[in-house]
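# Chains, contacts and geometry: an overview
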Amino acid sequence: MKATINQADELDAAEAMPPPNSKRVRVKKELTFQDMYQNQDLFDQDDDEDDDWDPSQKQADDGVAQTAVSDSIHEVSEANPQPNAKRVKVQKELTFQDLYQSQELFDEDDEEDDDWDPTQLQKCLEVIKWFCKNCTMDNLNNDVCCQICGEHKDSKILSRGHFASRFAQDEDPNEIQPSIKRLKDVDSLESAANSSTAIGFDERMLLHAEVEMKSRPHPERPDRLRAIAASLARAGIFPGRCHSIPAREITQEELMMVHSSEHIESVEVTSKLMSSYFTSDTYANEHSACAARLAAGLCADLASAVVSGRAKNGFALVRPPGHHAGVKDVMGFCLHNNAAVAALAAQAAGARKVLILDWDVHHGNGTQEIFEQNKSVLYISLHRHEDGTFYPGTGGAHEVGYMGAEGYCVNIPWSRGGVGDNDYIFAFQNVVLPIASEFAPDFTIISAGFDAARGDPLGGCDITPSGYAQMTHMLNALSGGKMLVILEGGYNLRSISSSATSVIKVLLGESPVCELENSFPTKSGLQTVFEVLDIQNNFWPSLKPIFKNVMSLWEMQCLGKKGKQTKKRRRILAPMWWRWSRRSFLFHMLNGHRRVKSK
């Protein structure tokens, strides 16, 4: 009886103080019944005697059992009265099932651990990440600069454009920051007296944004326009040297000339939805339909203004982009095809023939589909293709148009990434300009995607702002300078803002900063141009002499490589009697050593 009283006192004392080893009880809770029954290696060696407890001992003599338990309690209490008291209570009074099901044995701190939710891990991972303002790539929280593009975590690129320092984060508090809202406050009539370049922009296009949160921000985001507008303001180009045109929404009748009624209705219905998707990467919200109508309306009015002479040229600072939008399909971030709408508006204003030059890194499959049977519109596209494995997979050199319009679709499909200025300029000199000059357009449209620019996360190519400026300068000689540049892709804010600024400077009459000379292409670029000329030579007579010259360059390239491959190393030969003599080993050793040195 004394043992029982002592046991009760000890247990009361143990319950009065929080047991430090409650985690041991938690270990038992998480094990299966069989694991707890075997219970071989879960506890310290000093407690082995307690852990060898067998449920069959409950059927032993009560006096012996109580004495044994009391001795155990006294032994534990002398060493450490508090930690193991609760544990002994659990072993004595609870069955395995009670021990497994009981939730009242653990402290509140342990209960918080037991309520762990797997979604908390994802939240923790999100906390330690930050997304680059410039390229949207995710970085660890301890990174100061983006591991992909090198942009500083607190970059001012949205307020300064490409003039912002890539690394510094200091800002003059007295400096006046240009606001994108100021763009709509420019008096177009007053500015037009000082400039002949028109800019199309409306801030309502910024409302088109992805609502659903994904693993990282969508590359086609409103910040693209903000960065370009900030760069133009910093350079004093707009507001300043360019004038704006009033924005309007395109009418359904104008859209019907390009898209099917089903296409138009599918875009319009998104205005009733908070968030929707046409494809996995082409989103819409309640403002997207209005933004698409504004973009198309601005492009149509800019084209009319340039053709009619009210502006010498223009730049459409618009989004969402459009060159993937076909007759029926919405895809590739594009809703309405802005270039196609502008081409038809230019023809309605008096332009008989229109050239659409698409230098976006992705093939403009929508624009090609709309005009591939039309001989009054020449479509030329330079893009990554890689045998159809690069998005959208169309645009092979063999796609030349059909139904009497063969040759009016010219595709220059690069076979790899990393294509730079030299390859593009070489293609311009030998394919684009000869065909365009023979076509003699009345109006030129550039589908100006800047995702082939250096540093773009989707394009993977290497065109510099100087390269874009040079290509614009070369096209400016066509159609009497009547040109409209329409923004398409481009997802590195520093690249698109600097490239767009360089292009607009050319529209204003400035010469490229540095003209690219000796633009000899890479081998893969030369091969692509040669294959395109081999096909288009059948439709454009002006390409015949050019094709012969490029073929000569290609043959020299191939022969030069073959000559290197067939060149054999000369080996030292010795008389037969010497090679078979006792010096043969020395001969082979020296000869082998000489071969190694010649490698």
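Quick caveat, the model's predicted, so the values are computed rather than measured. Going along each chain's sequence as written, the residues are numbered from 1 onward. A pLDDT threshold of at least 70 governs which residues receive local features in this predicted model, and a stricter bar of 80 or more applies before side-chain atom pairs are shown or counted, although totals over entire chains, interfaces and linings include all residues. Just so you know, side-chain values use all the structure's heavy atoms and leave hydrogens and water out.

### Topic: the overall build of the protein chain
Where helices and strands are cited, they refer to DSSP runs of H or I of at least four residues and of E of at least two residues respectively, numbered from the N terminus. Helix and strand counts for the protein chain come out as 25 helices and twelve strands. Note on exposure labels: buried denotes an accessible area under 20% of the residue type's maximum, exposed denotes more than 50%, and partly exposed covers the range between, all computed with a 1.4 Å probe on protein chains only. Within the protein chain, buried positions represent 48% of all 599 residues. Contacts were defined at the residue level, with two residues in contact if any of their heavy atoms lie within 4.5 Å. Taking the intrachain contacts of the protein chain between residues at least 6 apart in sequence as the baseline, contacts between residues at least 24 apart amount to 73%. A 1.4 Å probe and the Shrake-Rupley method give the accessible areas. Residues count as covered only by the protein chains that appear here. Summed over its atoms, the accessible surface of the protein chain is roughly 30,000 Å², and 52% of this surface lies on carbon and sulfur atoms.

### As for the environment of N411
In this fold, N411 is placed in strand β10 (residues 409-414). The class for N411 is buried, based on a relative accessible area of 0%. For N411 and S381, which are 30 residues apart along the polypeptide, the C-alpha to C-alpha distance reads 5.0 Å. The residues touching N411, leaving out its near neighbours within four places in the chain, are H363, Q368, Y379, S381, H383, G395, G396, A397, E399 and V532. We define a polar contact as two N or O atoms separated by no more than 3.5 Å, with the added condition that, inside protein, one atom must be a possible hydrogen donor and the other a possible acceptor, whereas residues neighbouring each other in sequence contribute only through side-chain atom pairs. A polar side-chain atom of N411 sits 3.0 Å from a polar atom in the side chain of H363. Among the polar contacts listed, one links the side chain of N411 to the backbone oxygen of G396, at a separation of 3.4 Å.

### Considerations on the packing of helix α19 (residues 421-439) against helix α22 (residues 523-536)
Axis geometry follows a simple rule: fit a line to the C-alpha atoms, using only the stretch in contact for helices, then measure angles between N-to-C directions, giving values from 0 to 180 degrees. For the pair α19 and α22, interaxial distance at closest approach is 9 Å and the crossing angle is 10°. Put simply, α19 runs roughly parallel to α22. Here α19 contributes D423, F426, A427, N430, V431 and I435 to the contact with α22, which in turn contributes G525, L526, V529, V532, L533 and Q536. For the contact of α19 with α22, a count of residues per class yields eight nonpolar, three polar and one charged. Here the angle decides the label: under 35 degrees means roughly parallel, over 145 means roughly antiparallel, 65 to 115 means roughly perpendicular, and every other value means oblique. Note on residue categories: nonpolar means Ala, Val, Leu, Ile, Met, Phe, Trp, Tyr, Cys or Pro, charged means Asp, Glu, Lys or Arg, and polar means any other residue, Gly included.

### Digging into the sheet that holds β10
The strands that make up a sheet pair up through hydrogen bonds in the backbone, lying either parallel or antiparallel. The strand order across the open sheet built from eight strands is β4-β3-β7-β12-β11-β8-β9-β10, with neighbouring strands paired in parallel fashion. Of all strands in the sheet, those bounded by a partner on one side alone are β4 (243-244) and β10. With five bridges joining them, strand β11 (residues 443-448) and strand β12 (residues 483-487) adopt parallel strand pairing. By the bridge assignment for β12, S447 is matched with I486. Set on the sheet, α19 makes contact with β8 (354-358), β9 (377-384) and β10; between it and β9 the angle comes to about 170°. Pairing between two strands requires that DSSP report at least two bridges joining them.

### Notes on helix α20 (residues 465-475)
Most of α20 sits inside the fold, with eight of its eleven residues counted as buried. Within the sequence span of α20, burial applies to G467, Y468, A469, Q470, M471, T472, M474 and L475. In this structure, the buried residues of α20 make contact with β8, α19, β11, β12 and α21 (493-507).

### Some remarks on the packing of aromatic side chains
Aromatic rings from Phe, Tyr and Trp, taking only the six-membered ring of Trp, are treated as a pair when their centres fall within 6.5 Å; an angle between ring planes under 30 degrees marks them as stacked, one over 60 as edge-to-face, and anything in between as tilted. This model, assessed by the stated rule, comprises nine aromatic pairs. Judged by centre distance (5.7 Å) and plane angle (85°), the ring pair of F333 and Y491 falls under edge-to-face. Of this pair, F333 sits in the loop between β7 (313-316) and α17 (338-348) while Y491 sits in the loop between β12 and α21, placing them 158 residues apart in sequence. Relative to F450, the ring of W359 lies with its centre 6.4 Å away and its plane at 50°, an arrangement referred to as tilted. Linking W359 in the loop between β8 and α18 (365-371) with F450 in the loop between β11 and α20, this pair joins segments that are 91 residues apart in sequence. Of the two residues, W359 and F450, neither departs from the other in class, the shared state being buried. Each member of the aromatic cluster is reached from another via a ring pair, and the members are W359, F450 and Y468. Lying over the aromatic face of F439, K353 brings its terminal NZ or CZ to 5.1 Å of the ring centre. Counting as a charge over the ring demands two things of the Lys NZ or Arg CZ atom: a distance within 6 Å of the ring centre and an angle within 35 degrees of the ring normal.

### Comments concerning the nonpolar core
Definition used in this section: a nonpolar core is a set of buried Ala, Val, Leu, Ile, Met, Phe, Trp, Tyr and Cys residues joined via side-chain atoms within 4.5 Å. Ranked by internal contacts, the top residues of the largest apolar core, which has 114 residues, are W359 and F443. Among the elements that line this core, the one with the most residues is helix α16 (residues 288-308), at twelve residues. Residues within four places of F443 in sequence aside, it is in contact with A303, V306, V307, A346, A351, K353, V354, L355, S479, K482, M483 and L484. If you look at the next biggest cluster of nonpolar residues, it comprises six residues, including C132, C135, M137 and C149.

### Re the pairing of β8
Across the five residues that make up β8, a large majority, five, are buried. Here β8 shows no split at all, with V354, I356 and D358 on one side and L355 and L357 on the other all buried. The sheet contact formed by β8 and β9 spans five bridges and is parallel. Across the sheet, I356 pairs through a bridge with Y379, a residue of β9. You can see the chain leave β8, run along α18 and come back into β9, and the turn it takes is right-handed. Two elements, β8 and β11, share five bridges in a ladder whose sense is parallel. For crossovers, right-handed means that the path from the first strand over the helix to the second runs clockwise, given strands pointing away from the viewer.

### Some points on helix α12 (residues 223-234)
Taking 1.5 Å per residue as the helical rise, α12 with its twelve residues ought to reach 16 Å, and the 16 Å between its terminal C-alpha atoms agrees with that figure. Within α12, nine of the twelve residues are buried, which leaves the element mostly enclosed by the surrounding structure. At its buried positions, α12 is contacted by α10 (157-160), α13 (237-241), β12 and α21. Once α12 ends, the next one or two residues include G236, with phi positive near 75°. One less than the residue count of a helix, multiplied by 1.5 Å, gives the span that helix is expected to have.

### Details of the packing of α12 against α21
Viewed as axis vectors pointing N to C, α12 and α21 meet at an angle of 45°, and their least axial separation amounts to 9 Å. The pairing of α12 with α21 is recorded here as oblique in orientation. Relative to α21, α12 is oriented so that their crossing is right-handed. On the side of α12, the interface is formed by D223, R224, A227, I228, S231 and L232, while α21 contributes L493, I496, S497, A500, T501 and I504. Here a crossing is called left-handed whenever its near helix is offset anticlockwise from the far helix by less than a right angle, and right-handed whenever the offset is clockwise.

### Digging into unusual backbone geometry
Outside of glycine, negative phi angles account for most residues, and trans bonds account for most peptide bonds. F238 connects to P239 through a cis peptide bond whose omega is 0°. Structurally, P239 can be placed in helix α13. Each neighbour pair has its own omega, and for Y391 with P392 the value is 0°, a cis peptide bond. Structurally, P392 can be placed in the loop between β9 and β10. In this model, F333 sits at a positive phi of 75°, which is unusual for a non-glycine residue. Unlike most non-glycine residues, E386 shows phi in positive territory, near 55°. Among the structural elements, E386 can be located in the loop between β9 and β10.

### Considering the environment of Q470
Structurally, Q470 is set in helix α20. C-alpha of Q470 to C-alpha of S511: the two residues are 41 residues apart in sequence and 8.3 Å apart in space.

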